[in-house]
Amino acid sequence: MAQPPTLPWRFGAALPSTADRVVEDALPAPSRHAAWKSFLRNPAALAGLVILATVVFVALFAGHLFPGDPLDMVAQPLLWPGQDASALLGSDSLGRDVAAGVAHGARVSLAVGAVAALIALSIGVLVGALGGYFGGWLDDVLVRLTELVQTVPTFLLVIVIVAIGQPSVQVIVLAIGLASWPVIARLVRAEFRALRESEFVLAARSQGFGDGWIILREILPNALPPVVVTTSVLVATAILQESALSFLGMGDPNVVSWGSMIGEGRELLRTAWYLSAVPGLAIVLSVLSLNLVGDGLNDAFNPRLRG
């Protein structure tokens, strides 16, 4: 029997058919390597990656960089940045270290963003994959459910869920995740509808593979590139929503977050503007880095843009 041709494969393009599985493992690696090289040659994406890595480093080692409770009073009230070596970024009206609050707040903000995006990704992929693959009445029901959730503004739905529960990190994460999945669901559904009649899917069916195998092993890997890019935006959006909740006084009172620091500093905006500016800058840099990384991934792995 003649061997199947070893054609070039691009990340994001349709995988070879199941009958050609003998060459499948050898094809993606060069394309992935070229995409990563393209990503690392993108100055904006590289800058975003450096900023994001710095924020993650500070969050991971916040306990070593600033040991103790960030809510403890450790300095004189309202020290300006640089005025005291023990509080490099100053202190608030209660004498709490602003730098410690920013570092420990990074833990909360990044954790909320990552876990909420994971929840939204899990629900969205499940709903979008089932509706896009099977179609029919199941697709109609899931589309109506998605549209129903989207009729309510996302942040308003988050506020309602948090108000029903209690203002804790766990409830906030769950609320943001439950309100953010429709974007992923619509994207995954569109990708599955475009790929479900592809040749490699028909070949898998002819080989006797079930729906579960085809969804997880054939279609889903080819639908992931745009989903990954969208997930980076979801993380940034979740950070903003958590900050907005904390700013409104609906955050977890037992932890320090960037939004709560801005909310507490707004009353002293004229006399101690740094109390809001420093955590605000942290939010801006984190969201900017995530967007730069997402755009870089899209430019590198989207075959339509790579040409």
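The present account deals with the structure reproduced in this document.

**So, the overall build of the chain**
Argument step 1. Counting its secondary structure elements, the chain contains 13 helices and 0 strands.
Argument step 2. Helices and strands in the chain line up, N terminus first, as α-α-α-α-α-α-α-α-α-α-α-α-α.
Argument step 3. Across the 307 residues in the chain, those meeting the buried criterion constitute 46%.
Argument step 4. Relative to all contacts within the chain whose residues are 6 or more apart in sequence, the contacts with residues 24 or more apart total 71%.
Argument step 5. When the accessible surface of the chain is summed, it comes to about 15,700 Å², and 66% of that surface belongs to carbon and sulfur atoms.

**Details of the pattern of salt bridges**
A side chain with one charge can pair with a side chain of the opposite charge if their charged atoms come near.
Argument step 1. One pass over the full model with this rule turns up 6 salt bridges.
Argument step 2. As a salt-bridge pair, Glu264 and Arg96 come within 3.0 Å of each other at their nearest N and O atoms. Here Arg96 lies in the loop between helix H4 (62-65) and helix H5 (98-134) and Glu264 lies in helix H11 (residues 258-265), a separation of 168 residues in the sequence.
Argument step 3. Among the residues examined, Arg96 registers a relative accessible area of 14% and is labelled buried.

**A look at the nonpolar core**
Grouped burial of nonpolar side chains is what soluble globular proteins tend to show.
Argument step 1. Among the nonpolar cores identified, the biggest contains 54 residues, and Val98, Val102, Val188, Phe192, Ile219 and Trp258 are the most heavily contacted of them.
Argument step 2. Leave out the neighbours within four places in its chain, and Val102 touches Trp258, Met261, Val278, Pro279 and Ala282.
Argument step 3. The next biggest cluster of nonpolar side chains, apart from the first, holds 14 residues, and it includes Val112, Val162, Ile172 and Ala179.

**Quick notes on a nonpolar patch on the surface**
Argument step 1. Judged by side-chain polarity, Val56, Phe57, Leu60, Phe61 and Leu65 come together as a nonpolar surface patch covering roughly 450 Å² of accessible area.
Argument step 2. By the element assignment, Leu60 lies in helix H3 (residues 43-60).

**Topic: the packing of H5 against helix H8 (residues 169-195)**
When two helices pack together, their arrangement is given by the angle between the helix axes and the distance between those axes.
Argument step 1. Packing of H5 against H8 brings their axes to within 5 Å, and their N-to-C directions diverge by 35 degrees. With respect to the hand of their crossing, H5 and H8 are arranged in right-handed fashion.
Argument step 2. Of the residues in the contact of H5 with H8, the class split is 23 nonpolar, 5 polar and 2 charged.

**Regarding helix H6 (residues 136-150)**
Argument step 1. Relative to the 21 Å expected for 15 residues at 1.5 Å per residue, H6 spans 21 Å between its end C-alpha atoms, a close match to the ideal helical length.
Argument step 2. Looking at H6, one finds that the buried residues are Asp139, Leu142, Val143, Thr146 and Val149. Taken around the axis of H6, the buried residues stretch over an arc of 125 degrees, which confines them to a single face. Facing away from the buried side of H6 by more than 90 degrees, the exposed set consists of Trp137, Arg144 and Leu148.

The rules behind each value
- Residues numbered from 1 in each chain as written.
- Predicted model: local features only at pLDDT ≥ 70, side-chain atom pairs only at ≥ 80, totals over all residues.
- Heavy atoms only, no water.
- Helix = DSSP H or I, 4+ residues; strand = E, 2+ residues; numbered from the N terminus.
- Buried < 20%, exposed > 50% of the residue type's maximum accessible area, 1.4 Å probe, protein only.
- Contact = heavy atoms within 4.5 Å.
- Areas by Shrake-Rupley, 256 points an atom, 1.4 Å probe, with all protein chains shown as cover.
- Salt bridge = Lys/Arg side-chain N within 4 Å of Asp/Glu carboxyl O.
- Core = buried A, V, L, I, M, F, W, Y, C linked by side-chain atoms within 4.5 Å.
- Patch = residues over 30% accessible without salt bridge, like charges linked within 9 Å, V, L, I, M, F, W, Y side chains within 5 Å.
- Axes fitted to C-alpha atoms, helices over the stretch in contact; angles between N-to-C directions.
- Left-handed = near helix turned anticlockwise from the far one by under 90°.
- Nonpolar A, V, L, I, M, F, W, Y, C, P; charged D, E, K, R; others polar.
- Expected span 1.5 Å × (residues − 1).
- Arc of directions from axis to C-beta.

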